[in-house]
Amino acid sequence: KLVVGDADGTLYIFNENQYGYHSDKYAGHPDAINAMIAVTDNVLITACEDGILRAVHLFPHRFVGQVGHHEGNMPIEKLDVNADGDIIASSGHDNKVKFWNISYLENMDYTKKRKPVLQAPGQKRKKMSEAMDKEKEFQLPSSGRVNRKEFFQGFES
């Protein structure tokens, strides 16, 4: 399979030796897909114009979650992966190179639909749907909001 991202946020999937027309398409990114890198046979990391790195599962089509983000919603231009395949680097218009530990993606259970959302007592239905919408793209362990202190733990000083 060959996967191509375009300026409207759609991933197009082509079969080998059948490049005349795409075999499948996967919409859902809010903006242009500037770069992507394969992590497993079915999981890609996409780098987008909105400054967010997303993990995408191809079969079945769904967003796994946010791997990380660059400050100020600045576009991400490049992605690369280390030789072991467990750390990716991203560079963006915020003039920073960021490193993300993605080793957990190989062992993740992809049968889960999404994180559970607990409705608080007395929470109105509209608030519940807003909370569920926010959970659609939850933070993965590599996101700076979850494990920033643990990221460099394995490196020697």
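Here the structure is shown first, and the text comes after it.
Attention in this report is confined to the structure presented alongside it.

What counts, and where the lines are drawn
- Residues numbered from 1 in each chain as written.
- Predicted model: local features only at pLDDT ≥ 70, side-chain atom pairs only at ≥ 80, totals over all residues.
- Heavy atoms only, no water.
- Salt bridge = Lys/Arg side-chain N within 4 Å of Asp/Glu carboxyl O.
- Helix = DSSP H or I, 4+ residues; strand = E, 2+ residues; numbered from the N terminus.
- Buried < 20%, exposed > 50% of the residue type's maximum accessible area, 1.4 Å probe, protein only.
- Phe/Tyr/Trp six-rings, centres within 6.5 Å; stacked < 30°, edge-to-face > 60°.

**Details of the pattern of salt bridges**
So, point 1. Taken as a whole and judged by the stated rule, the model has three salt bridges.
So, point 2. Taking the shortest distance from any N to any O, the salt bridge between E71 and K96 comes out at 3.6 Å. Of the two residues, E71 sits in the loop between strand 7 (62–69) and strand 8 (76–81) while K96 sits in the loop between strand 9 (87–92) and strand 10 (97–101), which places them 25 residues apart along the sequence.
So, point 3. The exposure class of K96 is partly exposed, given its relative accessible area of 40%.
So, point 4. Notably, a salt bridge pairs K98 with E71, separated by 2.8 Å at the nearest N-O pair. Residue K98 is found in strand 10, and its partner E71 is found in the loop between strand 7 and strand 8; the two are separated by 27 residues along the sequence.

**Focus on the packing of aromatic side chains**
To describe a pair of aromatic rings, you give the distance between the ring centres and the angle between the ring planes.
So, point 1. One pass over the full model with this rule turns up one aromatic pair.
So, point 2. Judged by centre distance (5.5 Å) and plane angle (40°), the ring pair of Y26 and F63 falls under tilted. With Y26 in strand 3 (residues 24–26) and F63 in strand 7, this residue pair connects regions lying 37 residues apart in the sequence.
So, point 3. Take F63: its relative accessible area is 21%, and that puts it in the partly exposed class.

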